[in-house]
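Tertiary structure, described
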Amino acid sequence: MAQLFPKQANGLSQASIAAGAAVGASVLLTLFLLARSGYATGAGTPYDQPVPFSHNHHTTGVGIDCRYCHTSVETSASASIPPTQTCMNCHSQIWTFAPLLEPVRQSYRTGESLEWRKVNDLPDFAYFNHSAHVNKGVGCTTCHGQIGEMPLVFQAQSLQMQWCLACHRNPEQFLRPKNEVMAPVWNPPANQLEVGMKLKAEYQANPRLSCSTCHR
Amino acid sequence: MSEPGYTPSRLLHDLKELAAWAKAPVPTGVYGLMAEFSNADDVVTAARQVKAAGYRKVDGYSPYPMESLIHELEQHHSWVPTIVLGGGLTGFLAGYGLEYWSQVIEYPMNIGGRPFHSWVSFIPPAFETTILFASFGAVLGMLALNGFPRPYHPVFNIEEFTKGASNDKFYLVIEAADPKFDAAGTSELLKSLGPTFVREIPA
Amino acid sequence: MASSQISSLGTPVMDPKYAPLPLVAPGHTNDSVTEKIAHMTMEKETPRAWWLTLLVALAMLGGLGTAILGLLFVGIGLWGPNVPVGWGMDIINFVWWIGIGHAGTLISAILLLFKQRWRNSINRFAEAMTLAAVLCALQYPLFHTGRPWLAFYWLLPYPNTMGLWPNFRSPLIWDVFAVSTYGLVSLLFWYVGMIPDLGTLRDRAKNRISKVVYGMLSMGWRNSARHWSNYEKAYLLLAGLSTPLVLSVHSVVSFDFAVSLIPGWHTTIFPPYFVAGAVFAGFAMVLNLAIPLRWLYRLEDVITMRHIENMAKVMLATGLIVNYGYFMELFMAWYSGDFFERYMMKNRVLGPYWWSYAALMLCNVIVPNTLWWKKARTNTIWLFIVSLFVGVGMWLERFVIIVTSLYRDYMPSSWGYYKATQFDWMFFIGTGGLFLTLMLLFVRFLPAVPMSEVKMILPGAEGRVKR
Amino acid sequence: MSDVHIPISQVTRVSKGASGAKPRFWRSLDELAGSEDIKVWLHREFPEKASEFTDPEGRRQFLQLMGASVALAGLSSACTRQPAEAIVPYAKAPEQFIPGKPVYFATVLSTDGAAQGVLVESHMGRPTKIEGNPDHPGSLGSTDHFAQAEILNLYDPDRSKSVTYRTETQTWAAFVAAIRPVLDAQKALKGEGLRLLTPTVTSPTLAGQIAELLKQYPLAKWHVHDPIARRNAMDGARLAFGRALQPVYEFSEADVIISLDADFLGLGGDKVANARAFSARRSFDTVADREMNRLYMVESSISVTGSNADHRMAVRAAEVEGIARELASAVGLPVEKGALPASAMAKSIVEAMIKDAKVRPTRTLVMVGETQPAFVHALGFAINEKLGSLGTTLILTEPVEANPPSAENSIEALSTDMAAGKVGALFILGGNPVATAVPESGFVSAMKDQTKVALRVHLGLFDDETSELCHWHIPEAHALETWGDARAFDGTLSVQQPLIAPLYDGKSSHELVQSLLGDSTSTSYQIVQAAWKSRIPAAANFDKGWRRIIHDGLVPASAFPAAVAKTTPGAWMQAEPASNQGDLDVAFRLDPNILDGRYANNGWMQELPKPLTKLTWDNAVLVSPKTAKRFSIPEPEGSARGSFVDRVRLEVGGQSVSMPAWIVPGHPDDVVTVHLGGGRKRSGKVGQGVGVDVQSLRTAGSPWVRSGGQVTRDGTRYGMGCTQDHWKMEDASERGLLRTGSYEEFKANPGFAQHPGQPTEMGSLYPAHPYNGNKWGMSIDLSACIGCNACITACQSENNIAVVGKEQIMMGREMQWLRIDRYYEGDSESPAVHHQPVPCMQCENASCEVVCPVAATTHSDEGLNDMVYNRCVGTRYCSNNCAYKVRRFNFFLYSDWDTNSSLTLQKNPDVTVRSRGVMEKCTYCVQRVNEARINSKNEGREIREGEIKTACQQVCPTQAIVFGDLNNAESAVSKKKASPRNYVLLQEINTKPRTSYLASVRNPNPELHPGASEPTEGEAHHG
């Protein structure tokens, strides 16, 4: 027979080419989205902790200030995780027998540290300094999300470099008055940009984009 | 060039033909008539005469590109160059645009004290993208214009064709879709041109 | 006028009496040409020599695999580089392979534009050689880095979560663009050129599978005048595009050095000198392949003495340009009066690595100049040997440029030495294996000589018809 | 970064930071990491790392393993997901620590005979970096390279980890019980057989304890053995003054300094103070400032000090004495003449020197080195006295040694007693005498003889050669782990406070001696504090005074007063002049990096290029070019696999060793130098078998030189790791890299260093980037730099720079970010030597940045040449294109990524630990810049001038390195750059370096160098 291919082969082959292109494109798109997804960044998922500590309850509920536990947030690179001691300040008075709190009491008795799972975790080659941000009007919730509404803390932002850059390029989108920095729940005012601009000037918040700002 | 370049009137003419072709009822039984010639001279002469006889839907087949045949069949014009030009321009804009945007707008960095817009350094990549896009334009354009991929075609129904066309035989095909086509008359004409055979191509 | 009717394939309908030696041995017809060439592929059963060479090639290829694994798991420290000589075999071989690649495009594109009809029977496998060589070259930019697993995608501009882009000021990025473009365009050029011949193979193929495969590859090519018309336009334009491309590629490669500030690198003559060198090496390689191939497949009829001699002439010409480059380097070092330049040159010629420079002079200056004599140009054995010398010579040239510039630059306190390790060599030989394998598969499964184009240059191809 | 938080126990300690506060001190290491696996960390045998580098085989495997894991990590990191990390907070928080903020504590280290005050940086209870204590006379804010290296010793995983009795693991309690009967027996004998052997002791508390012990055991003896002890100096003083006195130098007063083999810049507890005072008289930018001093060096070997001399006479040992006698008789002392160097050149220098000295009475300082015999020391004192320099340039004080070395307390005396069976119990408190004592002293053989000494106890940091021959080995607590006290070279008292609890439950000498006194429970803290009760005036509230002392790191005004002493002219002056014996002297010297071998297991020290030879990981027979010809020793042959030399057989007094021979320009002829400390047999995995042990060649009588040596080639080749490798010294001045001039010339034309016709600013087609705000820059004063190497070690410690091992050094892959280039000027017989520290130049037009394809190295808005390790893919293009070759590449996984190693505790948490395949380089200590910037921003102010000190600047004993803001015209660095001596390297290639140099000025005697005053554009010959 002379014909090598049937009539339909024409449409088929042309269609298949189009299909191939489409598949390729969608694969790229998937990768693009995957790299930004919570799966890759770890955002959005709370972890099991030795004690199901609720920021929602302690901040919004009881109204404890961030700095009561995260003592060095204004002065040091690390905000610091409170020692068991701090918990016991209250819990030696209240909920003294709550089974939930047994690990805390045990840690206090034995001096064995509680081992928490790190939630907001930057790679070791990125050097973030809490004090530098807090003192320039960058609020806790800007990076940590509405912490005051979280029963269990989860990573709220991607913590990817492009996310850092977004704020370092235009801080005015996020700056807030210093007295609101520690607000556990905070929503930007309608005129955020305008307020932000003012604060930027007032606090001289001029973030740097040089590599050595965060990498050394 | 012996004939004038591609004029608007010519364009109009081509478009009309295209429309006519689209409107013309798809001949069910037969695709057209095929005549086989054993040497270059005959097919070229044949082509000229068929054209002279006013046939439009004529195509010639030769195992290698034959200027004279193409000429006779007035198939000189091609859109490929235009597509290539488009590709080239796109390539350059895409290349240089990416460089300018990423180095000057998106994340300007002081690199070795060079200006953000180091246009001198931006030329080589932009040049390469230009070539790349243009080349793809040429190839994809050619394939598209030839309607490739097109593994099935009526002419392959002729056994001899599949042996000879790509080796050493020459063919002339007048499509049934041609307004002037009529099985008997056209076949007469072809026979008169000294082919080795004339055959009807089943669609 | 009519006479100005010239095929874009550069084959004017010319009066035979002007034609020099025939490009195809007399007596050949379209059919016989098809027979001869198509026969090389699947149709005839494989010559033993082919199998043997393939075996060797695969063994070498295995070496490449091992070298790459070692590299990934242990580190680039397995290779020879150090501070100050941060580059060694890696970039030497990269440039060497890229250079070899150039002959292909040059033959197919530039000779086409210059209407050199003698290109028609050798361009196909020259192009194949280009592709294989570029593939080998590509191994190096990737694997010579400290962290290949990042390098292979961080060098590309794509929207990443870091918000970072490559530094377009770096010649290495230019390389990425130039070499990948070169690779792709060469691939297109090679494939497009092959479509009609694939059609032929499709029509001749005996068994169903090869029929279908060739059928798909040829995309339904049917030799119609309309096809040829578009095809020729596209082919000619590709040639027109490849010509500046091929010139740009080695120029860009030479920028890796010319853009730097190291004495012996920082020089303006590099681009032309590199391009010439590339063609020089490329033609040497073509000859090194063509001569045995021609003998193995009895292709004397299509790859005639005239082809061989023309290639020899091109080699001589480009060789002379390269020689001029060597001289200019010496002259400029002296003429610049610059302390560092002068020291570098003196040290390059007389320093601890004097032998590399001496050997370079032997391979690239003395030996190739024998091609002034027609006897030398037409003696395939000698030509083969000369080509080997040139191949080695061009490798040495890169060694001289890279090593003898780096190992003693500005600060005497941090001078060093360079010596390749066995891993360097294993990798290099490995790429050789890759090259051979690809070439063998090519001649076995694809038309190594373009049939349609050879047919074009048979007498009377266009018919006697005059308009 | 998972912050590691450390619980704290109850011992009081005072930080430099918060004076008066009541900080606390944590207890054990399990708590340190707050997690169990720290036990594993520390009790694990050894981190593959540094050790394996010494033997290529082991290293390969290690690298393969690590390489694999990292490669895979890398691949998976293509789609980055953070690995799970834990946070381990305190259970009970310490008061003073702020997580993420380092704290500094003042303490002292007695690394080289006397105390150096230091401030130790502590991150969450991990000491990570040692800085000088500005208030301390032995430091003045700087330290030597030994002090820097101590931090690595602290964490050395090879340290001995438990009490052992004849290699079986035991407990402290068992030890105490075991020695009790022996001690009781000794009580009966009044301690007749009881012996203590200690290294140099300056601690009053320990001295007090020992005194107490000697009271209880009247016949017991306290012997001292320490290769760095000043036996000859003391004996010299005894000759001259009838008692042991020590010299303290007043360089500020000295116009002419004559050093007879005295390496006062390279060795000794006073070297830092010396260097500061000495260079203060040599570096200035306007002639008006002050007269420049002139150093005449007469030496029988090579030394850092010699390399800084204005006139240097390389002579044989006996000729040093000869020149001393020449000088003596010139000032009118009745001494015979001795052997003098033959060369006319030397003669003329001696004449000029004497003239120079005589016209500057009271302004001349004559110094004698420990390697010279007592007689020369005595003569030195006498000459100074004659010149009226006693009291001006040379002050005499009581020795800081509690028990100054002498014949009576020497190890020879001890050995004799041991051999005679007179010793029943020997307690060795630190040190490694078996390895460091001259075998001829008989000590080793006596130790080996099991029948002799019934009880041998060794307290030491390492389970070393000595512990091997002892019944009991007690792990010693490192100086940073325990309490103590010590005196600086001038007698200033300091309390030594610990930074960290003993990692391996080590004991201090205090605790051991205390247990001999019958109290085995009280801690160093209690012992020392008790001892100090008496020392602090009762009037003052003890706690307050005590805390003040600990906080300041010293007792104010506790330096010894000048002793009034007159030389007693006597028989000693008639001593027979020494004369050259045989035709080859063998000079023995302490290794500039590992001393007597005590730093043999310290990777930083082994890999530190030695000041003149630039050799690493080896010791060699050092020989002058001329003498090399005599023995037909070929020049080293550089290659891509190391510098290859011939091994030679060095023979003297019937003993012989085979070791590589290395040619050193300026080395005295007919002398070879060998460094001690090589070929350790039980040093730990790093130092094991590195170099060659030359102890067997020495004699107890004259440990520093031995005549009648013989050198023969044994034909075998040997590869050495030399970082400045090629032999022929290319002309540094023709390249304009090194610019030097004489003082005369400088006075005539302060701008001598500016190259005629060279534009100071070169144009550019591109508009320059503006640098508003801070604009960092550095200036390095070549007149001040003495090439002591402290900066390299400081940099290595601050920036987590890996040790790569000899094999890699030989392949040209050293990692130190800062190198010191050594250049010779003049003929190879007596060349002038110049040292040039070369860090990253931080070019404004950085050629490295332009070529990086991934923008891993870019410019910061303050003009720093940033290097982003985590972005680097390792093309090495930047290094190729760096004109200064200051970039370093991780060809393998050099850094210690093995978290199971205690070495990881030393890492500076503010600096990324680099992975395999990335480029690294000096960043002007950007972590320090950032910290200062953030602090200033938080306080809403500008960064203060001098607030940022780079590690190299801070440690520099001569303050040769200055860093600061170029936009501030008042800053020290701006002023330096305004100096007429200022120049940059390779200006013609227009890279616009931020680091610039001040040309070196030397002060040769104009009478000797009529031609000395044309610029050194001339040739610097090969050496």
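The rules behind the values
- One numbering rule holds for all chains: residues counted from 1, following each sequence as written.
- Chains carry letters from A onward and ligands carry numbers from 1 onward, assigned in written order.
- In view of the model being predicted, local features appear only for residues whose pLDDT reaches at least 70, and side-chain atom pairs are presented and counted only at 80 or more, with totals across whole chains, interfaces and linings using the full set of residues.
- Calculation of side-chain values draws on the structure's entire complement of heavy atoms; hydrogens and water are dropped beforehand.
- Secondary structure elements are defined from DSSP: runs of H or I of at least 4 residues count as helices, runs of E of at least 2 residues count as strands, and each element is numbered from the N terminus.
- In this description, contact between two residues means that some pair of their heavy atoms is separated by no more than 4.5 Å.
- Residue-level accessible areas treat just the shown protein chains as cover; the underlying method is Shrake-Rupley with a 1.4 Å probe.
- Relative accessibility decides the category of a residue: with a 1.4 Å probe and only protein chains considered, values under 20% of the type maximum give buried, values over 50% give exposed, and everything between is partly exposed.
- What gets called buried area is simply the loss in accessible area from a 1.4 Å probe that two parts show on being joined, summed for both.
- The term salt bridge refers to a side-chain nitrogen of Lys or Arg lying within 4 Å of a carboxyl oxygen of Asp or Glu.
- Side-chain atoms alone can form a polar contact between residues adjacent in sequence; in general such a contact is a pair of N or O atoms within 3.5 Å, and within protein one must be able to donate a hydrogen while the other accepts it.
- What is meant by a nonpolar core is a set of buried Ala, Val, Leu, Ile, Met, Phe, Trp, Tyr and Cys residues, joined one to another through side-chain atoms within 4.5 Å.
- Pairing between strands is defined by DSSP: at least two bridges between the two strands are required.
- Only C-alpha atoms enter the line fits that serve as axes; for helices the fit covers just the stretch in contact. Angles between N-to-C directions range over 0 to 180 degrees.
- As a per-residue measure, pLDDT tells how confident the predictor is, with possible values from 0 to 100.
- Just so you know the grouping, Ala, Val, Leu, Ile, Met, Phe, Trp, Tyr, Cys and Pro go in nonpolar, Asp, Glu, Lys and Arg go in charged, and all remaining residues, Gly too, go in polar.
- Helix span, expected: 1.5 Å multiplied by one less than the number of residues in the helix.
- To get the bend at a given residue, fit one axis to the seven residues ending there, fit another to the seven starting there, and take the angle between those axes.

Some details on the overall build of chain B
Within chain B one finds seven helices and four strands. Across chain B, helices and strands are ordered from the amino to the carboxyl terminus as α-β-α-β-α-α-α-α-β-α-β. In chain B, the proportion of contacts linking residues at least 24 apart, taken out of those at least 6 apart, comes to 79%. A total of about 8,600 Å² of accessible surface is found on chain B, and carbon and sulfur atoms cover 68% of it.

Some details on the side chain of D:Lys907
Residues and elements named next belong to chain D. Within the secondary structure layout, Lys907 lies in the loop between strand S34 (888-889) and strand S35 (919-920). By relative accessible area, Lys907 is classed as buried at 16%. Apart from residues lying up to four places away in sequence, Lys907 is in contact with Arg126, Thr128, Asn800, Asp896 and Val913.

A look at the interface of chain B and chain C
Taken together, the contacts link 72 residues of chain B with 63 residues of chain C. Buried surface at the junction of chain B and chain C, both sides included, amounts to about 6,000 Å², of which 63% is carbon and sulfur. Per-residue buried area on chain B facing chain C is highest for B:Tyr64, B:Pro65 and B:Glu128; these three make up 11% of the total on that side. Here chain B is connected to chain C by one salt bridge. A salt bridge links B:Asp59 to C:Arg226; the nearest nitrogen and oxygen atoms lie 3.8 Å apart. Counting the contacts that link chain B with chain C gives 20 residue pairs in polar contact (both at pLDDT 80 or more).

Digging into the nonpolar core
Counting 394 residues, the largest nonpolar core has B:Leu172, C:Trp97, C:Phe435, D:Leu260 and D:Tyr884 as its most contacted members. Apart from the residues within four sequence positions on either side, C:Trp97 is in contact with C:Ala133, C:Cys136, C:Ala137, C:Tyr140, C:Phe428, C:Thr431, C:Gly432 and C:Phe435. D:Val163, D:Phe175, D:Leu183 and D:Val201 belong to the second-largest nonpolar core, a separate cluster that totals 28 residues.

Some points on the sheet that holds strand S13 (residues 364-368) of chain D
All names here are of chain D. Taken in spatial order, the four strands line up as S12-S11-S10-S13 in an open sheet, and their pairing is parallel. In this open sheet, the two strands that pair with only one neighbour each are strand S12 (311-314) and S13. With direction set aside, neighbouring strand axes in the sheet form an average angle of 10°. Sheet topology note: the strand S10 (residues 256-260)/strand S11 (residues 294-299) ladder contains five bridges and is parallel. Bridge pairing in S11 links Ile258 to Tyr296. Most of the contacts of helix H11 (residues 344-358) go to S12, to which it runs at about 130°, and overall it touches S10, S11, S12 and S13.

Here's the deal with the environment of D:Ser860
Secondary-structure assignment places D:Ser860 in the loop between strand S32 (857-859) and strand S33 (865-867). For D:Ser860, a relative accessible area of 1% puts it in the buried group. Ignoring anything within four residues of it in the chain, the contact list for D:Ser860 reads A:Arg208, A:Ser210, A:Ser212, D:Tyr771 and D:Asp866.

Regarding unusual backbone geometry
If a residue is not glycine, its phi is most likely negative; likewise, a peptide bond is most likely trans. In the segment running from B:Phe148 into B:Pro149, the intervening peptide bond is cis, with an omega of -10°. Tracing the chain through its elements places B:Pro149 in the loop between helix H5 (119-145) and helix H6 (159-164). Cis geometry marks the peptide bond from C:Val83 to C:Pro84, where omega comes out at 15°. Tracing the backbone through its elements, the reader meets C:Pro84 in the loop between helix H2 (48-74) and helix H3 (89-113). For A:Leu159, which is not a glycine, the phi torsion comes out positive at approximately 60°. On the secondary structure map, A:Leu159 appears in the loop between helix H8 (140-144) and helix H9 (161-169). Looking at A:Leu159, the relative accessible area reads 16%, which means it is buried.

Side note on the side chain of D:Asn1003
Residue and element names in this part refer to chain D. By the element assignment, Asn1003 lies in the segment after strand S39 (1000-1002). Residue classification places Asn1003 among the buried residues on the basis of a relative accessible area of 2%. Looking at Asn1003, its side chain comes within polar contact range of the main-chain oxygen of Met292, at 3.2 Å. Side-chain polar atoms of Asn1003 contact the backbone oxygen of Asn293, separated by 3.2 Å. Filtering out sequence-adjacent residues up to four positions away, Asn1003 remains in contact with Arg282, Met292, Asn293, Arg294, Asp310 and Tyr743.

A short note on the confidence of the model for chain B
With 89% of its residues at a pLDDT of 70 or more, chain B has an overall mean of 85. Taken over the whole predicted complex, pTM reads 0.89, whereas the ipTM for its chain interfaces reads 0.89.

A few points about the interface of chain B and chain A
Facing the 16 residues of chain B at the interface are 15 residues of chain A. In total, chain B and chain A occlude about 1,300 Å² of area from one another, counting both sides; carbon and sulfur atoms represent 54% of this. Interface area lost by chain B to chain A is led by B:Tyr107, B:Pro151 and B:Tyr152, which between them contribute 52%. Grouping the constituent residues of the side of chain B that touches chain A by class yields nine nonpolar, four polar and three charged.

So, helix H10 (residues 317-330) of chain D
Residue and element names in this part refer to chain D. The terminal C-alpha atoms of H10 lie 20 Å apart, and with 14 residues this matches the ideal 20 Å at 1.5 Å per residue to within 8%. Counting buried residues along H10, 12 of its 14 residues qualify, which places the element largely inside the surrounding structure. Buried residues of H10: Ala317, Ala318, Glu319, Val320, Glu321, Gly322, Ile323, Ala324, Arg325, Glu326, Leu327 and Ala328, and no others. Of the residues one or two after H10, Gly332 is the one with positive phi, at around 90°.

Some points on helix H6 (residues 172-188) of chain D
All names here are of chain D. Between its first and last C-alpha, H6 extends 25 Å over 17 residues, near the 24 Å set by a 1.5 Å rise per residue. Residue Arg180 marks the point of greatest curvature in H6, where the axis turns by about 30°; the proline Pro181 follows within four residues. Buried residues belonging to H6 abut strand S7 (194-198), strand S15 (425-429), strand S16 (455-460), strand S17 (472-475) and helix H17 (509-516). Phi turns positive, to about 60°, at Lys190, one or two residues after H6.

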